[in-house]
Amino acid sequence: ATDTTIARTAAGIVTIEGARIKTQELYVKILPSDFMPDDGGRPAMIDDTSGDRWLESHGTGKLFAFVQIPLGFKATLVDVYGSATSAVTVYEADVNSATVTSKGTGNIGTQINITDVTADATNYIMIELAQASGEKVYGGKMTIAKA
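Overview of the structure. (Residues numbered from 1 in each chain as written. Predicted model: local features only at pLDDT ≥ 70, side-chain atom pairs only at ≥ 80, totals over all residues. Heavy atoms only, no water.)

**Some words on the sheet that holds strand β12 (residues 123-129)**
Here five strands make up an open sheet; going across it, the order is β4-β7-β12-β9-β10 and the pairing antiparallel. A strand with exactly one partner marks an edge of an open sheet, and here the two such strands are β4 (35-37) and β10 (100-107). Pairs of neighbouring strands in the sheet enclose a mean axial angle of 25 degrees, with direction left out of account. Bridge analysis of strand β9 (residues 87-94) against β10 gives seven bridges, and the strand direction is antiparallel. When the sheet's bridge partners are listed, A93 is paired in β10 with V100. (Pairing = 2+ DSSP bridges. Helix = DSSP H or I, 4+ residues; strand = E, 2+ residues; numbered from the N terminus. Axes fitted to C-alpha atoms, helices over the stretch in contact; angles between N-to-C directions.)

**Some remarks on the side chain of S86**
Of note, S86 is situated in the loop between β8 (73-82) and β9. The class of S86 is buried, set by a relative accessible area of 13%. In this structure the side chain of S86 is engaged in a polar contact, spanning 2.5 Å, whose partner is the side chain of E135. Not counting residues up to four positions away in its chain, the partners in contact with S86 are G106, N107, I108, A130, Q131, A132 and E135. (Buried < 20%, exposed > 50% of the residue type's maximum accessible area, 1.4 Å probe, protein only. Polar contact = N/O pair within 3.5 Å; in protein donor to acceptor, adjacent residues only side chain to side chain. Contact = heavy atoms within 4.5 Å.)

**Thoughts on the packing of aromatic side chains**
For any pair of aromatic rings, geometry is given as the distance between the ring centres together with the angle between the planes. Under the defined criterion, the tally for this structure stands at one aromatic pair. Stacked on the ring of W54, the Lys or Arg K136 has its end atom at 4.0 Å from the ring centre. (Phe/Tyr/Trp six-rings, centres within 6.5 Å; stacked < 30°, edge-to-face > 60°. Lys NZ or Arg CZ within 6 Å of the ring centre and 35° of its normal.)

**Remarks on the nonpolar core**
Judged by nonpolar contacts, the single largest core of 25 residues is most densely connected at F35, V80, V88, I125, I127, L129 and M142. For this core, the elements supplying multiple residues, two or more each, are β3 (26-30), β7 (63-67), β8, β9, β11 (112-118), β12 and β13 (137-146). In this structure, Y91, A93, Y124 and M126 belong to the second largest nonpolar core, which totals five residues. (Core = buried A, V, L, I, M, F, W, Y, C linked by side-chain atoms within 4.5 Å.)

**Details of the environment of T89**
Considering the arrangement of structural elements, one finds T89 in strand β9. Note: C-alpha distance between T89 and M126 (37 residues apart in sequence) is 8.4 Å. Those residues in contact with T89, other than ones at most four positions away along the chain, are S102, G104, T105, M126, I127 and E128.

**Notes on the pairing of β12**
Both faces of the sheet carry side chains from a regular strand, because those side chains alternate between them. Most of β12 sits inside the fold, with seven of its seven residues counted as buried. Residues N123, I125, I127 and L129 of β12 are buried on one face, and the alternating residues Y124, M126 and E128, pointing to the opposite face, are buried as well. With five bridges connecting them, β7 and β12 associate as antiparallel partners. Across the sheet, the residue bridging to F64 is E128, located in β12. Alignment of β9 against β12, held across seven bridges, turns out to be antiparallel. Directly across from Y91, in β12, lies its bridge partner M126.

In structure tokens form, the structure reads like this:
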């Protein structure tokens with residue numbers, strides 16, 4: 001056949017003969033170092049007692065991650081990977097305020113479809129993990145799309 005040029009929609013999705021094709025899907029990695037412990041006074045730690053490595057909180061202390069949304073994009077999905085299925089809450093937060101707004105909830109190991117958060121000059125995504133004792137956290141990813 002011949003070459004065909006197709007214009008991409010603002011959302012990065014086009015439809016051809018009923019088939020949905022994603023023309024752009026991007027991720028922001030969430031590293032173990034992006035998590036910090038809550039105010040319980042105990043640290044988050046990398047377990048190095050075996051050949052494997054993972055992050056763990058002390059006991060049932062919560063862990064929080066803070067993820068920047070690149071300008072021109074919106075955050076759409078969040079995945080957190082670990083050894084269990086504890087609760088995850090995803091918030092929109094701002095560098096100029098203590099106020100946070102819940103954008104979605106789910107569990108470790110399950111993709112969380114959040115209310116889209118479009119980047120602006122001050123906002124970011126905050127992820128809260130409710131931990132069980134001995135639970136492993138490996139990291140995660142935040143899916144972004146063109147705003």
